[in-house]
Amino acid sequence: MSTILEVRNFSAWYGHYSALSDITLEVLDHEILGIIGPAGCGKTTFLRSLNRLNDLVPDFRVEGSIGFWGVDIYRQDVDLAALRRKLGMVFAVPVPLPGTILENLRLGSRLNNRKADAGALVEKTLRAAYLWDEVKDRLHQSAFALSGGQQQRLCLARTLMLEPDVLLLDEPCSGLDPISTAKIEEALVELKRELTIILVTNNVMQASRVADRTAFFLQGRVVEFGLTQQIFVNPKEKETYEYVSGRFG
Amino acid sequence: MDRPPNERLLLKGKRRIIETLLETAVRSSAFVVIGALVLIFVFVAKEALPLFTSADVHKEVTLWTMVRPQENGEFVWQPVSEKPKYSILPLAVGTLKVTLVALLIAIPLAILAAIFTSEFAPQLLRELIKPVVELLAGIPSVVIGFFALMVVATWLQDAFGFVFRLNAITAGIGLSLAVIPIVYTVAEDALSAVPQAFRDASTALGANQWQTAWRVVLPAAMPGVFAACVLGFGRAFGETMIVLLASGNAAMMSFDPRESFRSFSATIAAELGEVVYGSPHYHVLFFIGAFLFVITFFLNLAGHWYVDRLRARLEGKLKA
Amino acid sequence: MRRWIKFVGLAFTTLTGLACLVIVAMLAIILGNIAINGWSILSWEFISGKPRAGMTEGGIFPAIFGTVVLVLLMTLAVIPLGVAAAIYLHEYARQGSKLVHVVRLALANLAGVPAIVFGLFGLGFFIKFVGAGMDHAFFGGALAFGQPGILWAALTLAVLTLPTVVVATEEALRAVPLSYREVAYAAGATRWQVVRHVVLPQSVAGILTGTILAVSRGAGEVAPIMFTGAAYYLPYLPKKLNDQFMELGYHIYVMTTQSPDVEATKPILYATVFVLLVLTFALNFLAVLIRSRIRRRLRTA
């Protein structure tokens with residue numbers, strides 16, 4: 001497998017607060033990379049650095065480089081809009097926009113002035129998000145009428161509509177019931193065939209269930225990074241062992 | 001394996017140009033706001049400048065003759081007469097007189113009402129009082145002036161037997177109606193900005209509601225309340241139509257609030273329509289306008305400085 | 001001692017309540033007085049007719065027409081500018097930057113400039129500078145725009161209402177959740193697309209409501225238009241942008257101060273004031289109506 005994202009000595013600050021220091025790791029094409037760690041360890045900052053969403057934060061500052069297909073995404077002349085479509089993101093809290101389910105799905109095509117006739121794509125992405133059967137008869141109803149779990153799967157489908165290369169997921173199941181969580185996990189494993197997934201999660205078990213490789217973050221650093229099985233069964237570092245076995249976090 | 005889509009990641013020219021154009025347009029509108037304020041001052045001051053520089057104007061009036069006692073020791077504003085007289089002191093006295101009356105009525109009423117809404121009033125009443133004040137603010141000042149002239153003047157004269165039907169008390173009452181909304185709004189904002197924790201702490205120490213309001217909330221919100229007074233002063237100082245209609249418009253050098261008067265703003269309104277363009281009188285009126293601008297400018301600056309200080313103070317206290 | 005504290009407390013609370021009552025009463029007295037005296041005079045002839053007999057008889061249609069056109073022109077001028085400035089402040093500018101600070105300060109000060117100074121500004125800038133310049137450049141020096149006219153009065157009022165429109169718009173923009181913007185950015189939206197596709201559609205109700213309220217405030221101002229376009233009496237309606245016009249507020253001022261017989265004009269005067277108030281409050285009502293309409297539409301969508 002080839003490397004799709006290459007993070008080299010990457011550090012980030014919010015003003016004077018150091019959020020990430022000296023991160024080095026690479027993400028392989030068509031894998032699910034799990035990122036675990038306690039609250040405030042920098043895993044969300046890391047994720048939001050990959051699609052440069054943190055550029056919206058006034059005092060955010062970075063050092064080092066992140067290569068995407070060999071292009072440093074922090075180069076001056078990178079088209080942020082194009083970058084963010086290539087690295088689609090799903091947020092922790094489902095954020096459907098006001099409007100119908102279909103309007104939500106067509107957000108991306110609306111932004112790109114593409115014709116909104118992507119009917120086949122709508123069905124494909126809704127199926128991929130395990131939502132098609134539940135919403136196929138109510139595409140013209142408000143997205144707010146959906147349940148929390150359905151909303152989050154809609155957000156997943158909305159992101160898939162962008163046809164990204166990489167899917168960035170920020171604790172996508174944090175507020176969801178077990179059934180919705182299971183559906184999303186199932187969807188992710190299926191999706192792996194088409195794209196690369198980076199999954200930030202608070203739920204250690206979730207990482208162990210779906211991730212091919214896992215990185216353990218602590219206080220802005222990567223403590224351990226390797227195959228999921230190795231991280232969970234035979235961790236090299238003491239902190240990793242304590243975290244995955246539930247001693248802290 | 002896909003070919004790395006490098007070129008697709010880099011900025012496309014057309015979209016970037018559109019974005020830049022729109023950003024420039026939006027940003028320039030912000031400069032228009034600054035520009036408007038600057039232009040107002042520049043163009044009012046420009047027409048006032050000959051008062052300082054023009055020899056022709058100096059034959060008739062200088063800054064010095066505007067404040068100095070005239071030949072017979074009097075201070076007279078009589079710009080349209082054979083020998084024009086331009087003493088601005090009666091105007092200053094008139095303006096201060098009416099502003100004082102208006103503030104004496106408006107400030108206690110507005111601040112007490114603000115305390116009531118933020119501290120004592122039940123939710124339902126609160127929802128009722130705010131629209132009332134908004135409605136009051138929405139009444140055009142010419143309507144208030146008309147009302148003061150037609151109704152208030154008659155009532156007051158019947159009640160107190162004023163010699164002058166239109167005087168500083170009548171105009172001051174009218175003016176207070178225009179000042180109350182701004183003082184109330186700013187003061188109410190300041191009082192509501194005081195964190196609930198202050199009130200809880202005070203109650204926990206055994207203070208009752210009015211003690212909390214008087215000894216804890218009001219002092220904490222003081223910079224904001226002070227800002228309300230300063231901004232109210234600015235509003236009263238520059239208000240035109242109410243004073244123009246209800247003052248009697250006699251430029252008398254009298255501190256008695258029961259006598260007619262004339263204010264700076266009303267003088268401009270009443271005389272600029274008739275004045276010869278470019279005459280000394282014209283320039284003097286613009287000078288008064290520039291003076292009004294400068295005074296209200298600094299009053300506003302001061303008002304907002306106090307509002308900022310309140311915010312800093314409350315946030316600072318919360319952090320500590 | 002305890003009883004005394006209780007008494008002072010009660011007195012203080014009552015006093016503050018009384019202050020509220022006085023304010024409410026003041027409003028009620030003004031509105032009541034004008035409604036009672038104005039309503040009885042109101043008739044269709046009064047609204048649709050022209051003033052007659054030195055304005056002591058007849059109607060006020062030219063003044064109503066002038067007011068409506070003035071307000072429309074002012075709105076056309078102030079909304080694009082005010083909304084754009086608010087979008088800059090809230091969506092584009094880096095919060096806490098120097099420019100934002102200066103713009104906010106300018107707005108606050110602009111809001112405090114006395115209305116009469118706006119009148120002087122309109123005369124000095126729009127008429128004597130811009131207008132005269134246009135005459136010189138396009139009309140060979142003939143008097144066309146270098147004189148008071150409805151365009152200049154509307155623009156002067158637009159500058160006066162600008163700060164209120166900006167503040168109201170910003171408030172509406174602030175009501176759009178930050179997460180909506182993030183979703184759009186994450187979906188590859190550019191800054192302008194976020195504004196165009198997410199922020200504006202979500203805030204249009206608030207913007208409309210706020211600006212209409214701002215405009216209704218401007219509609220009642222007389223001091224800025226006294227020297228920039230309003231006329232005592234005109235036998236015709238304004239047809240061109242540089243025509244003078246009659247306006248309700250100014251008409252009230254003129255009839256109150258210049259009428260040879262105030263008692264004779266008093267009923268007409270009351271009716272005119274009543275019409276001005278109704279127009280102003282109708283704008284307010286319209287704002288509230290739009291707000292609830294759009295809210296309902298958003299909810300059912």
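This text gives an overview of the structure that appears in the document. (Residues numbered from 1 in each chain as written. Chains lettered and ligands numbered in written order. Predicted model: local features only at pLDDT ≥ 70, side-chain atom pairs only at ≥ 80, totals over all residues. Heavy atoms only, no water.)

### Notes on the nonpolar core
Core analysis: the biggest nonpolar cluster contains 238 residues, and A:L5, A:L50, A:I198 and B:L272 have the highest contact counts within it. Among the elements that line this core, the one with the most residues is helix α6 (residues 89-120) of chain B, at 15 residues. Not counting residues within four places of it along the chain, the set of residues in contact with B:L272 comprises B:T267, B:Y282, B:L285, B:F286, C:L120, C:L123 and C:F227. Within the second largest apolar cluster, 34 residues are counted, among which are A:V135, A:L139, A:L176 and A:L195. (Core = buried A, V, L, I, M, F, W, Y, C linked by side-chain atoms within 4.5 Å. Buried < 20%, exposed > 50% of the residue type's maximum accessible area, 1.4 Å probe, protein only. Helix = DSSP H or I, 4+ residues; strand = E, 2+ residues; numbered from the N terminus. Contact = heavy atoms within 4.5 Å.)

### Regarding the pairing of strand β3 (residues 32-36) of chain A
All names here are of chain A. Most of β3 sits inside the fold, with five of its five residues counted as buried. What you see with β3 is no split at all: I32, G34 and I36 on one side and L33 and I35 on the other are buried throughout. Sheet topology note: the β3/strand β8 (residues 196-200) ladder contains four bridges and is parallel. Bridge assignment links L33 to a residue of β8, and that residue is I198. Taken together, the four bridges between β3 and strand β9 (residues 213-218) define a ladder with parallel strand orientation. Paired with I36 across the bridge in β9 is F216. (Pairing = 2+ DSSP bridges.)

### Observations concerning the interface of chain C and chain B
Contact with chain C, which involves 76 residues of that partner, is made by 74 residues of chain B. Of the roughly 6,800 Å² buried between chain C and chain B on both sides combined, carbon and sulfur atoms contribute 84%. Summed over the shared surface of chain C and chain B, the number is zero salt bridges. Scanning the region where chain C abuts chain B turns up five residue pairs in polar contact (both at pLDDT 80 or more). (Buried area = accessible area lost by both parts, 1.4 Å probe. Salt bridge = Lys/Arg side-chain N within 4 Å of Asp/Glu carboxyl O. Polar contact = N/O pair within 3.5 Å; in protein donor to acceptor, adjacent residues only side chain to side chain.)

### A closer look at the sheet that holds β8(A)
Residues and elements named next belong to chain A. Here we have six strands laid out as an open sheet, ordered β6-β7-β8-β3-β9-β10, and mixed in their pairing. The sheet terminates laterally at β6 (87-90) and β10 (221-227), the two strands that pair on one side only. Ignoring strand direction, the axes of neighbouring strands in this sheet form an average angle of 15°. (Axes fitted to C-alpha atoms, helices over the stretch in contact; angles between N-to-C directions.)

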